[in-house]
Amino acid sequence: MNDLQEKRFHNWLENARDWAISRSRFWGTPLPIWMCEDGVEVVVIDSIRKLEELSGEKVTDLHRHNLDHITIASSRGSKYGILRRVDDVFDCWFESGSMPYAYIHYPFENAALFENNFPGHFVAEGIDQTRGWFYTLMVLSTALFGKPAFRNLICNGLVLAEDGKKMSKKLRNYPLASEVIDAYGADPLRLYLINSPVVRAENLRFKKDGVYNIVKDVFLPWYNAYRFLVQNVKRFEIECSETFLPINRNILEKSSNALDQWINSATESLVHFVRQEMDAYRLYTVVPYLLKFLDHLTNIYVRFNRKRLKGRTRYDDCKIALSTLYHVLLTSCKVMAPFTPFFTEVLYQNLKKLHDGAEESIHFCNFPQGGGKRGERIEQSVSRMMKIIDLARNIRERHNKPLKTPLRWFTGKLGEYLLEELNIRSVNSCNDPLKYASLRAEPEFSVLGKRLGKIMAVVAKEVKSMTQEAILTFEKEGEINIATHCLKLGDIKVIRDFKRPDNMTEKEIDAEGDGDVLVVLDLQPDELLFDAGVAREIVNRIQKLRKKVGLEPTDVVEVYIKPLDEDASSLQRVLDSQAILAEETHAVSDLSFTITLSRTSLVFDADAVLKLYGGPGNTKLAQGLQVYLLSRDFNNLRAEFQVGKGKIKVDCIENQPVVEVVKGQHVFLTIGDHYSSTKTD
């Protein structure tokens, strides 16, 4: 509110006009002034008790029509007549300005309550109250107590129609609030307004699309992270045959995983930031920070930890990752509950099931206190990692190298996450700063200009002429003396230009930098890398097909790939199921193929099963065997065939003879096995 405080309100106070606090109205609070006819004697009444003492009448109502008949005898004697109340009433803004003390009947009551809490922590009103309520509060409080009536001011601007005009029922130039809430929800509307200029005492042109963007940019990523947790907790419980219970946060803070440390630190920073901004009554800074946090949560933590969260690493590593994500989501919900009360309540009602002794509602929970472990260094490291990823992607785009196409190596740091995200086979950290880069220095004119004045040109010339050795020394020591001036790291910008090896072309090796870091990519083609890229693309098509038919991550299916090219040597057939869920034809590079997803199920050779019981005429016995095998747990049945080297003895069916069932002869565990058998035959 600095702009409001130092300009609009300041200017009004500086040129303030006299305030006539009286109004010639019938309705209003009567001025407590009694005056004789000649105007010489004036009595100002400061309490009901005083009026009763001077008038001799009982006063029960302070409205004008109950006071105007009351008179007071003149203190000069009866010959001077009586005193009557003046006709005027108070300006209604006088009453509003008296709110901080009048509402608790101070000073006649609640003196300790008032004196311990005045001035109020904050007041909130629209920009149009600059010359109204804000002014009268300030004037009366300053006159009575010598200080403002409030410690903080929250001032909102005006919400206008999209065309910049005032919202008008006649023009219907605005969407109904009920329509916006029905379409997008109350929380997105609230967050849209909080994140708009209107909370900075500026006007807002309301756009329905703005509410949609909040849904798209805030709520969908937030919900997707929550849904990803729920899906993988469900998967964990199925695969591990145990109920998932999150690990205690104090134990998680000791995790050796760098991204666990980072997201825990980032969550603590979120709590610290929101508390800090709310203490300062800066609503408008919260949403941009939340956007950044959610982007980091979904696009860094969840994305880079998918293997851990999906249980593709160790059991304990998976549980640590899931527990970390659980606590991060729970904490972020508590932090955002005041801003998005409905959405956070929905998430909390499910999250609390894993927390013994949890409050019934998120709005019964204490606001997070923070104070946990924060690591500025790890946050800077991850920020640097994301910068490297962006630079490497720029190189790929420049050379039309899709992310699914693996590359040999690049020079950088933070290896394991960079390898996976950038689809690189190896990472080389280059300790020689001049191997791939030539350094040059540029003065920061915006910083040095005001400080150096006329000598700036001399300093700029010397900075630009610095040798590479001098620049390295400057970066190491953090300062350098030029023309009797000591320049620090913020005064000089070091630029790293790519220096391509003599025997390589731009199509073989390229780089991208931002002055602080230089990323170098090896772009040379390789047959093995090409095959790996095709394989990655096929996996991507399979995942999209799963999503298209609405499969959950825990749904087990078999994948069947049918080559459509004459040369099928580069694709391997996967034939593993029965009921077909979906089928699509694809093309990757020069390869064409069909992908089929199917649920797992047994396939029987009806004739072979009948022969177990002597052939035709024993159909009921054959059907009994099939029913029994179909009722078995698939994984247990497969394990028995493995132990029996492809054979199992069935002797537990009542009133049926013992038979030996051979896998691949009587029964096939997948449609792939059955298909392969028929093709061989």
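See the structure shown above.
About the thresholds
- Residues numbered from 1 in each chain as written.
- Predicted model: local features only at pLDDT ≥ 70, side-chain atom pairs only at ≥ 80, totals over all residues.
- Heavy atoms only, no water.
- Pairing = 2+ DSSP bridges.
- Helix = DSSP H or I, 4+ residues; strand = E, 2+ residues; numbered from the N terminus.
- Axes fitted to C-alpha atoms, helices over the stretch in contact; angles between N-to-C directions.
- Contact = heavy atoms within 4.5 Å.
- Parallel < 35°, antiparallel > 145°, perpendicular 65-115°, else oblique.
- Left-handed = near helix turned anticlockwise from the far one by under 90°.
- Patch = residues over 30% accessible without salt bridge, like charges linked within 9 Å, V, L, I, M, F, W, Y side chains within 5 Å.
- Areas by Shrake-Rupley, 256 points an atom, 1.4 Å probe, with all protein chains shown as cover.
- Salt bridge = Lys/Arg side-chain N within 4 Å of Asp/Glu carboxyl O.
- Buried < 20%, exposed > 50% of the residue type's maximum accessible area, 1.4 Å probe, protein only.
- Core = buried A, V, L, I, M, F, W, Y, C linked by side-chain atoms within 4.5 Å.
- Phe/Tyr/Trp six-rings, centres within 6.5 Å; stacked < 30°, edge-to-face > 60°.

Mind laying out the sheet that holds strand S3 (residues 42-44), listing which residues take part and the relevant values?
An order of S3-S2-S5-S4 is seen for the 4 strands of this open sheet, with the pairing classed as antiparallel. Every interior strand has two partners, whereas the edge strands, S3 and strand S4 (71-73), have only one. Between one strand axis and the next, the sheet turns through 25° on average, direction left out of account. In terms of strand pairing, strand S2 (residues 33-35) meets S3 through 3 bridges, oriented antiparallel. Opposite Met35, over in S3, you have Val42 as the bridge partner. The sheet strands contacting helix H2 (residues 48-55) are S2, S3 and S4, and the helix crosses S4 at an angle near 60°.

I'd like a description of the packing of helix H11 (residues 258-279) against helix H16 (residues 376-398), backed by residues and values.
As a packed pair, H11 and H16 sit with axes 9 Å apart at the nearest point and diverge in direction by 110°. Relative to H16, the element H11 is oriented roughly perpendicular. Remark: the crossing between H11 and H16 carries left-handed chirality. On H16, the residues that touch Ala258, Leu259, Gln261, Trp262, Ser265, Ala266 and Ser269 of H11 are Ile378, Glu379 and Val382.

Outline a nonpolar patch on the surface, listing residues and values.
Together, Met35, Val42 and Val44 give the surface a local cluster of nonpolar side chains, amounting to about 230 Å² of exposed area. With respect to the helices, strands and loops of the structure, Val44 is situated in strand S3. The exposure class assigned to Val44 is partly exposed, which follows from its relative accessible area of 49%.

Give me the pattern of salt bridges: which residues, what numbers.
For the coordinates displayed, the defined rule picks out 20 salt bridges. The salt bridge involving Glu242 is made with Lys319; its shortest N-O contact spans 4.0 Å. Linking Glu242 in the loop between helix H9 (208-240) and helix H10 (249-252) with Lys319 in helix H14 (residues 315-336), this pair joins segments that are 77 residues apart in sequence. Judged by relative accessible area, which is 16%, Lys319 ranks as buried. The salt bridge partner of Arg632 is Glu640, with a shortest N-O separation of 2.4 Å. With a relative accessible area of 35%, Glu640 lands in the partly exposed category. Among the charged side chains, a network of salt bridges with common partners joins Arg64, Asp68, Arg85 and Asp87.

Tell me what's going on with the nonpolar core, and back it up with residues and numbers.
In terms of nonpolar packing, the biggest core is built from 63 residues, with Trp222, Tyr301, Leu325 and Leu329 touching the most fellow members. Of all the elements in the fold, those that place two or more residues in this core are helix H8 (186-194), H9, H11, helix H12 (286-304), H14, helix H15 (341-351) and H16. With near-sequence residues (within four places) excluded, Tyr301 lies in contact with Leu259, Asp260, Trp262, Ile263, His296, Arg308, Ala321, Thr324 and Leu325. Counting residues in each nonpolar core, the second largest holds 18 residues, with Val609, Tyr613, Phe641 and Val661 among its members.

Any chance you could break down the packing of aromatic side chains for me, citing the residues and the numbers?
The geometry of an aromatic ring pair comes down to the distance between the two centres and the angle between the two planes. For the structure on display, the rule yields 21 aromatic pairs. With a centroid separation of 5.1 Å and 50° between ring planes, the pair formed by Phe118 and Phe145 is classed as tilted. Separated by 27 residues along the polypeptide, Phe118 in the loop between helix H5 (111-117) and strand S7 (120-126) and Phe145 in helix H6 (residues 133-145) bring together distant segments of the chain. Ring centres of Tyr192 and Phe206 lie 5.4 Å apart, and the angle between their planes is 85°; on these two criteria the pair is classed as edge-to-face. Highlighted residues: Tyr192 in helix H8 and Phe206 in the loop between strand S10 (204-205) and H9, separated in sequence by 14 residues. Tyr192 gets classed as buried once you look at its relative accessible area, which sits at 11%. What makes Phe206 buried here is its relative accessible area of 10%. In textbook terms, an aromatic cluster arises when at least three aromatic residues are bridged by ring pairs, as seen for Tyr101, Tyr106, Phe114, Phe118 and Phe145.

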